[in-house]
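Remarks on the overall topology
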Amino acid sequence: MTNCLFCKIVAEEIPSAKVLENTDFLAFRDIDPKAPVHVLVIPKKHFEDIVELSKGDNVLTAGLMKFATEVAEIEKLEKGFRIVLNTGQEGGQSVQHVHAHVLGGRSLTWPPG
Ligand code: 5GP
Ligand code: ZN
């Protein structure tokens with residue numbers, strides 16, 4: 001995807017603060033953090049959202065959760081954390097490349113807005 005912000009981050013055309021990386025996934029710090037720890041986890045391959053990902057690739061769908069959980073461990077979020085996948089317009093998704101937010105480092109309220 002030539003005009004996708006997160007594909008550009010994968011390609012290092014746009015810099016990011018990387019937290020963890022492997023062949024299939026990249027984790028980097030959110031530019032506008034909503035908690036002391038706010039990391040975005042993405043598959044390097046472009047999928048628009050979790051619906052497209054889950055229909056397109058079972059291995060990457062499961063791998064995304066595993067990778068996000070590894071990020072929580074690396075960030076020492078043993079007191080608790082949240083993994084969020086905003087999806088579509090009403091879900092508040094603003095970047096159309098599937099991403100999981102890993103949030104923690106403070107008490108998180110519920111329900112979300
Ligand atoms: P969404 O609103 O789609 O669930 O999440 C998109 C996230 O991407 C937002 O939390 C936003 O702060 C983050 N973001 C937008 N542009 C950039 C960028 O250029 N670099 C980084 N690291 N994060 C970004
Ligand atoms: Zn993309």
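These lines cover the structure that appears in this document, whether it is placed above or below. Everything numeric in this text was worked out from a predicted model, so none of it was measured.

1. Concerning the overall build of the chain
A count of helical and extended segments in the chain gives three helices and five strands. Sequence-ordered secondary structure for the chain, helices as α and strands as β, is α-β-β-β-α-α-β-β. Against the globule reference of 13 Å for 113 residues, the chain gives a C-alpha radius of gyration of 13 Å, in line with a compact fold. Viewed in the frame of its principal axes, the chain has a C-alpha envelope of about 35 × 30 × 25 Å.

2. Some thoughts on the packing of aromatic side chains
The full count for this structure, using the stated rule, is two aromatic pairs. Seen from their ring centres, Phe6 and Phe28 are 5.4 Å apart, and the 80° between their planes marks the pair as edge-to-face. Linking Phe6 in helix α1 (residues 5-10) with Phe28 in strand β2 (residues 25-29), this pair joins segments that are 22 residues apart in sequence. Across this residue pair, the class does not change: Phe6 and Phe28 are buried.

3. Some details on the coordination of the zinc ion (ligand 2)
Every protein donor of the zinc ion (ligand 2) is listed here as Cys4 (SG), Cys7 (SG), His46 (ND1) and His97 (ND1), and their distances to the metal cover 2.0 to 2.3 Å. In this structure, the zinc ion (ligand 2) is surrounded by four donor atoms whose angles at the metal cover 105 to 116°, and the resulting shape is tetrahedral. Ordering the donors of the zinc ion (ligand 2) by residue number gives the pattern C-x2-C-x38-H-x50-H. A residue pair is termed long-range when its members are at least 10 positions apart, and Cys7 in helix α1 and His46 in the loop between β3 (37-43) and α2 (50-56) qualify at 39 residues. The buried category is assigned to His46, whose relative accessible area is 19%.

4. Looking at the nonpolar core
Among the nonpolar cores identified, the biggest contains 19 residues, and Ala27, Val39, Val41, Phe67, Val71 and Val102 are the most heavily contacted of them. Contributing elements (two or more residues each) for this core: β1 (18-21), β2, β3, α3 (58-74) and β5 (100-104). With six residues, α3 is the single largest residue contributor to this core. Listed in part, the nine residues of the second largest apolar core include Phe6, Ile9, Leu40 and Val95.

5. Describing the site of ligand 1
Ligand 1 sits among 16 residues. The nearest are Asp30, Asn86, Ser94, His99 and His101. One nitrogen or oxygen atom from the main chain of Ile31 is found 3.3 Å from a nitrogen atom belonging to ligand 1. In this structure, an oxygen atom belonging to ligand 1 sits 2.6 Å away from a main-chain N or O atom of Ser94. In isolation ligand 1 offers 520 Å² of accessible surface; the protein chains occlude 84% of this area.

6. Overview of the pattern of salt bridges
Taken as a whole and judged by the stated rule, the model has five salt bridges. Residue Lys18 is joined to Glu12 by a salt bridge in which the shortest nitrogen-to-oxygen separation is 2.5 Å. Exposure remark for Lys18: the relative accessible area of 36% places this residue in the partly exposed category. By relative accessible area, which is 56% here, Glu12 ends up exposed. The shortest N-O distance in the salt bridge between Lys34 and Asp32 comes to 3.1 Å.

Each value, and the rule that gives it
Residues numbered from 1 in each chain as written. Chains lettered and ligands numbered in written order. Predicted model: local features only at pLDDT ≥ 70, side-chain atom pairs only at ≥ 80, totals over all residues. Heavy atoms only, no water. Helix = DSSP H or I, 4+ residues; strand = E, 2+ residues; numbered from the N terminus. Rg over C-alpha atoms; globule rule 2.2 N^0.38 Å. Phe/Tyr/Trp six-rings, centres within 6.5 Å; stacked < 30°, edge-to-face > 60°. Buried < 20%, exposed > 50% of the residue type's maximum accessible area, 1.4 Å probe, protein only. Donors = N, O, S within 2.8 Å, 3.2 Å for Na, K, Ca; no water. Tetrahedral: all angles 85-135°; square planar, octahedral: opposite > 155°, others 65-115°. Core = buried A, V, L, I, M, F, W, Y, C linked by side-chain atoms within 4.5 Å. Near = heavy atom within 4 Å. Polar contact = N/O pair within 3.5 Å; in protein donor to acceptor, adjacent residues only side chain to side chain. Areas by Shrake-Rupley, 256 points an atom, 1.4 Å probe, with all protein chains shown as cover. Salt bridge = Lys/Arg side-chain N within 4 Å of Asp/Glu carboxyl O.

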